[in-house]
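Residues per chain are reported as follows:
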Amino acid sequence: MIEVDDIACLVGKNEAGKSALLKALYRLNPVVPAEGKFSVTIDYPRMDVEDYRHAVEANKRDKAMPIWAQYTLEENEVADIEDMFGPDCLVAKTMSLYKHYDDDRCFTLEVNQDKALQYLFANADLPEPTRGAIAAAGSKPADILTALNGQEQTTETKRLAGIIAPIAKDSLRKFIYNHFLVKVVPKFLYFDEYYQLSGHENIQALIDRSNSETLKPSDHPMLGLIRLARLSLKEMVEAKSTIDLKGKLEGASNYLSKQILKYWSQNKHLRMTFDVRPGLPEDPPGMQSGTNIWGGVFDSRHLVTTELGSRSRGFVWFFSFLAWYSDVKRNDDRVILLLDEPGLTLHAKAQEDLLRYFETELKGEHQLVYSTHSPFMIDPRHFERVRIVQDLSIEKDGDSDGEKSAAGTTVLPDVFAASDDSLFPLQGALGYEIHQTLFVGPYSIVVEGAADLLFMQAISGILEASGRTGLDPRWTITPVGGASKVPTFVALLGAQRGMNIVTLLDTQKADEASIEAIYKEKLLKKSNVLTFADFLEGASEADIEDMFGLDFYLQLVNAEFAKQLDTPIKPTAIKSKHPRVLRRLEDHFENHPLKSGKFGHFRPARYFAEHASSLVKSIPKEALDRFEKAFIAINKLID
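Residues numbered from 1 in each chain as written. Predicted model: local features only at pLDDT ≥ 70, side-chain atom pairs only at ≥ 80, totals over all residues. Heavy atoms only, no water.

Participant: What exactly am I supposed to notice about the nonpolar core here?
Facilitator: Among soluble globular proteins, nonpolar side chains are generally buried collectively. Ranked by internal contacts, the top residues of the largest apolar core, which has 120 residues, are Phe85, Phe121, Leu181, Phe319 and Phe358. Per-element accounting of this core gives the leading share, ten residues, to helix H14 (residues 313-330). Of all hydrophobic cores here, the second largest spans 56 residues; its members include Phe455, Ile569, Ala605 and Ala630. (Core = buried A, V, L, I, M, F, W, Y, C linked by side-chain atoms within 4.5 Å. Buried < 20%, exposed > 50% of the residue type's maximum accessible area, 1.4 Å probe, protein only. Helix = DSSP H or I, 4+ residues; strand = E, 2+ residues; numbered from the N terminus.)

Participant: Help me understand the packing of aromatic side chains in this model?
Facilitator: Any two aromatic rings considered together are summarised by their centre-to-centre distance and by the angle between their planes. Scanning all chains against the criterion turns up 24 aromatic pairs. Relative to phenylalanine 321, the ring of phenylalanine 191 lies with its centre 5.6 Å away and its plane at 65°, an arrangement referred to as edge-to-face. With a gap of 130 residues between them, phenylalanine 191 in strand S5 (residues 187-191) and phenylalanine 321 in helix H14 connect regions that are remote in the sequence. The exposure class of phenylalanine 321 is buried, given its relative accessible area of 0%. Ring centres 5.7 Å apart and planes at 5° place the aromatic pair phenylalanine 321 and tyrosine 325 in the stacked group. Here the residue phenylalanine 321 and the residue tyrosine 325 both occupy positions in helix H14, the gap between them amounting to four residues, near one helical turn. One aromatic cluster is present, built from ring pairs that chain together Phe191, Trp317, Phe321, Trp324, Tyr325 and Tyr357. Above the plane of the ring of phenylalanine 107 lies arginine 173, whose end atom (NZ or CZ) is 5.0 Å from the centre. (Phe/Tyr/Trp six-rings, centres within 6.5 Å; stacked < 30°, edge-to-face > 60°. Lys NZ or Arg CZ within 6 Å of the ring centre and 35° of its normal.)

Participant: Can you walk me through unusual backbone geometry in this structure?
Facilitator: Most peptide bonds take the trans form, and the phi angle of most residues other than glycine is negative. The backbone of glutamate 15 sits at a positive phi, close to 70°, despite the residue not being glycine. Here glutamate 15 is to be found in the loop between strand S1 (7-11) and helix H1 (18-28). Judged by relative accessible area, glutamate 15 falls into the exposed class, the value being 68%. Of note in the backbone geometry, aspartate 103 takes a positive phi value of approximately 75° without being a glycine. Its relative accessible area of 22% is what places aspartate 103 among the partly exposed residues.

Laid out in C-alpha cells, this is it:
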C-alpha cells in the first residue's frame, strides 16, 4: 500500500520503476480512454510471462492484477449515499478500483445491505399494508421487489421499485457505484516529455487522427490549446471569418502567456502567438496542402518571433503542460495529475518556479503524483511528500545464497531502508536548504573562515556585556572557506532576492584584485566590501588576528600550543617584519618548529571562544575599539 496525500513525490534513480508505477495508474482510468489498455506481452515481467500464461490457462493461478487503487470518499459523496441508505450503509468510506490484463475495470465497496434497505424503507412514505408486505418478504432484494410489485403502484412504490430492481439484479454495492460514484471517480492525466507540442500541425491530419483514435502524444496539448480558444477542428478548417478566428486564437495565447510569465522567471519578455493559414509548397512534409496551425513565441526584447518547437525543451515542456492542463481545468474535470520527470530539461531556478506552480495552482484543485531524481524538484519544506522508489533486483546483486533478488520495485514511505543512491536527491535538497537557512540569512557577513566566525561572535558578546556596540543580531556570519571563494559565494548569495550582503575580509596584496572585483563587477556596492585593514590605522594588509595586536595574539598561541612549545614565545622572539601577525608567526615556526604537529590559526580562535570570559581583562582596549568600530560600520549597512 502506497499512501499519498495532495502532492506526492516519487524519488528514485533511473530504472527504479517510477514511470512504470505512474503508467500503471494512468491505465486504470485515463483521460484518453484509448490509452488505458494493458498488454500481457509488453507489460508483464518479460522473463516470466510465458510461465504466467501457462499457469493461468491451466487454472493454477489467478489472473494478475497490475494495478489496484483505493480512494477515500469525500464528505459530500458519503452524504449523498447516506441520504438514501442511512449512516450504517457504508462499512468503510473507501472504494477501490483495479484492473486485470484483460482491461476490465472492477471495483470493491464494503456495504451493509440489510441496514441500508431497512433505512430506505423506514424513511419511505408507505401505507402500513405495504410496509407489512415488505417486512414479510424478508431481506432478499428479489423477494422485496416481488412484494412491491404486488402493492398499489403509487409514486413512492414505483420509486422504491426503481431502486430495488437493479439491486436485485446485481447488488447494492453496484447500485451505489453506478448511481453515486462512477460519475465522480477522477480520471488520470499522465504527462511526460513525449506529450510536448511540435509547434505546428496540419489540421486535416489532426482531424483524421482524432476520428480514427490514433492521436500522437503531442496532439493532446494541441487539441487542448484549440479547445481553450473555444474552437473545434472543423471550425478552423471551415472558418468563415478571419477576424473571429484570429481573435479566438489571440485570446487563448494571451491567457497562456499570462500563465507562463507568472511562473517562468527565465525570460519575462515572451508572448505566445498562434496562426492558421493554408499550406505552401515548401512547408514541412504533411503540411504542404490544406490548413495548418502554427505556434510561435514573440520575444519583445529582441523583437523576433520564433517557432514554438525551436524554443528550449524546458520552455516547450512547460507550455505544453499548461496548454493541456488549462483545457482540463476549464472543463472542471475531476483529474489526478501524474507527471513523469517534470522539469527534467528546466534550469534549477525554473524547477523552483515549477514547484511554486504546483503549490499555488495545483494543490487543492487536483491531486498530484510526480516522479523525479532532481534535488531541485524536491520541496525541502515537505519531505513528508517523498516516497522512495527503488528496484531491489538492481540495488542488490544477490541474496546470501547467491540467488538474484526477485523483490523488484518497492516504494518506501520512509528513508530508513533506502539505498545511498536513492537518497542522493534528498541529500542534495537538504544540503541546499541547510545552506539557505543555517549559514545564510537576509543579512549576511561573508568572512573567509571559521576562525573569523569564532573571533567575531566572542568579541561581539564581550562588547555587548560591557555596554558597548556588538554586531546586530540580525547579521548571520557566513564563512566561505578561503579568499578565493569569496567572489563566487557573493555572486551566488547576491542572486537571491532580498539579501543584504557585507564582506569583512583578510587582505594582502595578492588578494587586492579579487576584492576590488567584488564591487567593480557590481556584485556588491563598494560600501559593503570591508576588510580588516579598514579598521587598522595605516595598514595596507591585515587579518582578523591583527585586530588584537601581536602581544595578545601570542598569549592565545602560547596557551593553545603550550604542550607543543619548549617555552612560551615572547614578542621579542618574532624577528619577521611582515605587516601581518599570522605571516610573522608562520616565518617564526619555519625556523622554530613545534615539537609535534603544525601551527594553524583556527586553534587560537577556538581557544579564545572557549575562554573568552577569563580573557576579557587582558584584551587590549585598542583591540576592543577596533572591533567596535567595525561592528558600528557593519550595522549601519542594514537597510
